[in-house]
Amino acid sequence: MTQLVARHEAEHYVINGEKAAWISNGSIATHALCSVTIEPSKRMSARGLAVVPLNAAGVSRSEPLNKLGQRALNQGGISFEQVRIPSSLMLRGGGYEPDLDWIFSFLNSATAAVLTGLTRAAFEEALTYSKQRVQGGKAISQHQLVQRHLFDMFTKVEACRALSRATLLYERASVGVPSLEHSIAAKTFCAQAALEVANEAMQVFGGYGISTGQLSEKLFRDARVALVEHGIKDVLSLVGARRILQR
Ligand SMILES: Cc1cc2nc3c(=O)[nH]c(=O)nc-3n(C[C@H](O)[C@H](O)[C@H](O)COP(=O)(O)OP(=O)(O)OC[C@H]3O[C@@H](n4cnc5c(N)ncnc54)[C@H](O)[C@@H]3O)c2cc1C
């Protein structure tokens, strides 16, 4: 059952409950698309999607969360107490498992693409720095061990690129059936690769890498948050495994 319950009353729905503190843009959004339970006795099979204007009476919001990384992405909780919306704003009244698949699939595919960008940025920053920083009489890029790190990073960037792009192509090609398993594979792989490459980039930056206020620090913090964002790998993998076993 979802945390929000919507009761049908004549031409309205009345919504009560609370959403987790982690809603992206929760403290700043003007409208929310809320998954609600319409008939609690039917649990997950009687859900709906409600469009709720967040200036409606009975809506309250928490302060934004103070996260380690992705700090520019607002996260906050929203509570609903006797919030009335017209029936026309309830998108569906029945089960909507396929809609959820589309949402999760798009979310994971898009996140994989963003994380590919993060991975690439970490690699390119390290590559540029390695050509400028001189140690032992030459640019550190001329030391073979640094070259090996750079090549590992390059490999991971290209693997992220290939997987995240392939997933988006599967999304476009699939009519009616989103490729949830591919999108989860891409998101979990790219999140792990992003953290590894951001970590390696910090190492190439040496003392600068572990200093606060550097780009490499931000990329590392952002990548770390991605391991939790939109689901933790262990849990997402179970969903992906279920899908491949159904084939
Ligand atoms: C940047 C960011 C944006 C987010 N945006 C949103 C958003 O817009 N909307 C929203 O609703 N949420 C959002 N979240 C929340 C996010 O989806 C959750 O934090 C994430 O799914 C993990 O859930 P949890 O925090 O409840 O951890 P828990 O589920 O409590 O997990 C804690 C630990 O237990 C393990 N665990 C849990 N269940 C199992 C299991 N069945 N088997 C094995 N191990 C298990 C996990 O792997 C983890 O290590 C966001 C999070 C972040 C970081």
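Predicted model only: the values in this text are computed from it and were never measured.

1. Topic: the overall build of the protein
Part 1: Scanning the protein for helices and strands turns up 6 helices and 10 strands.
Part 2: Its C-alpha atoms give the protein principal-axis dimensions of roughly 80 × 45 × 25 Å.
Part 3: In the protein, which comprises 247 residues, the proportion classed as buried is 39%.
Part 4: Residue pairs in contact within the protein that sit at least 24 positions apart in sequence constitute 71% of those at least 6 positions apart.

2. Here we look at a nonpolar patch on the surface
Part 1: A surface patch of nonpolar side chains, about 260 Å² in accessible area, is lined by Val228, Ile232 and Val235.
Part 2: Assignment of secondary structure puts Val228 in the loop between helix H5 (215-226) and helix H6 (233-246).
Part 3: The class for Val228 is partly exposed, based on a relative accessible area of 46%.

3. Observations regarding the nonpolar core
Part 1: With 27 residues, the main nonpolar core has Leu115, Leu118, Ala122, Ala126, Met153 and Ala223 as its most contacted residues.
Part 2: Taken together, the elements giving at least two residues each to this core come down to helix H1 (97-132), helix H2 (144-173), helix H3 (180-204) and H5.
Part 3: It is H3 that contributes the most residues to this core, 10 residues altogether.
Part 4: Discounting residues that sit within four places of it in the chain, Met153 has contacts with Ala122, Phe123, Ala126, Val197, Glu200 and Ala201.

4. Side note on the site of the ligand
Part 1: Taken together, 13 residues sit near the ligand, with Trp22, Ser24, Gln75, Gly231 and Ile232 positioned nearest.
Part 2: One of the backbone nitrogen or oxygen atoms of Trp22 is found 3.1 Å away from a nitrogen atom of the ligand.
Part 3: Here an oxygen atom of the ligand and a backbone polar atom of Ser24 are 2.9 Å apart.
Part 4: Protein contacts shield 50% of the accessible area of the ligand, which totals 970 Å² for the unbound molecule.
Part 5: Residue classes in the shell around the ligand are distributed as 7 nonpolar, 5 polar and 1 charged.
Part 6: Three or more residues apiece are contributed to the shell around the ligand by two domains, here domain 1 (4-92) and domain 2 (96-245).

5. A look at unusual backbone geometry
Most peptide bonds take the trans configuration, and most residues that are not glycine carry a negative phi.
Part 1: Backbone geometry places Gln70, a non-glycine residue, at a positive phi of 45°.
Part 2: Mapping Gln70 onto the fold places it in the loop between strand S6 (59-61) and strand S7 (75-76).
Part 3: Judged by relative accessible area, Gln70 falls into the buried class, the value being 14%.
Part 4: At Gln82, a position not held by glycine, the phi torsion is positive, near 55°.
Part 5: Looking at the secondary structure, you find Gln82 in strand S8 (residues 78-86).

6. With respect to the pattern of salt bridges
Opposite charge on two side chains allows them to pair when their charged atoms are near.
Part 1: All chains considered together, the criterion is met by 12 salt bridges.
Part 2: Note that Glu124 is salt-bridged to Arg120, the shortest N-O span being 2.8 Å. Within this pair, Glu124 and its partner Arg120 are both found in helix H1, separated by 4 residues, close to a single helical turn.
Part 3: Two residues, Arg221 and Glu217, come together in a salt bridge whose shortest N-O distance is 2.8 Å. Here the residue Arg221 and the residue Glu217 both occupy positions in helix H5, the gap between them amounting to 4 residues, near one helical turn.
Part 4: When salt bridges with common partners are traced through the structure, they connect Asp101, Glu181, Arg243 and Arg247 into a single cluster.

7. Some details on the domain arrangement of the protein
Many structure descriptions define interface size as the accessible area lost when the parts assemble.
Part 1: As assigned here, the protein comprises domain 1 (4-92) and domain 2 (96-245).
Part 2: For domain 1 versus domain 2, the distance between C-alpha centres works out to 31 Å.
Part 3: With 10 residues of domain 1 in contact, the opposing surface of domain 2 contributes 10 residues.
Part 4: In this assembly, domain 1 packs against domain 2 so that about 970 Å² is buried in total across both faces, 54% of it on carbon and sulfur atoms.
Part 5: Linking domain 1 to domain 2 there are 0 salt bridges.
Part 6: At the boundary of domain 1 and domain 2, one finds 3 residue pairs in polar contact (both at pLDDT 80 or more).
Part 7: When residues in the side of domain 1 that touches domain 2 are grouped by element, the largest group, 3 residues, is from strand S5 (residues 47-53).
Part 8: Looking at the side of domain 1 that touches domain 2 residue by residue, the class counts come to 3 nonpolar, 4 polar and 3 charged.

Basis of the calculations
- Residues numbered from 1 in each chain as written.
- Predicted model: local features only at pLDDT ≥ 70, side-chain atom pairs only at ≥ 80, totals over all residues.
- Heavy atoms only, no water.
- Helix = DSSP H or I, 4+ residues; strand = E, 2+ residues; numbered from the N terminus.
- Buried < 20%, exposed > 50% of the residue type's maximum accessible area, 1.4 Å probe, protein only.
- Contact = heavy atoms within 4.5 Å.
- Patch = residues over 30% accessible without salt bridge, like charges linked within 9 Å, V, L, I, M, F, W, Y side chains within 5 Å.
- Areas by Shrake-Rupley, 256 points an atom, 1.4 Å probe, with all protein chains shown as cover.
- Salt bridge = Lys/Arg side-chain N within 4 Å of Asp/Glu carboxyl O.
- Core = buried A, V, L, I, M, F, W, Y, C linked by side-chain atoms within 4.5 Å.
- Near = heavy atom within 4 Å.
- Polar contact = N/O pair within 3.5 Å; in protein donor to acceptor, adjacent residues only side chain to side chain.
- Nonpolar A, V, L, I, M, F, W, Y, C, P; charged D, E, K, R; others polar.
- Domains from an automatic or database assignment.
- Buried area = accessible area lost by both parts, 1.4 Å probe.

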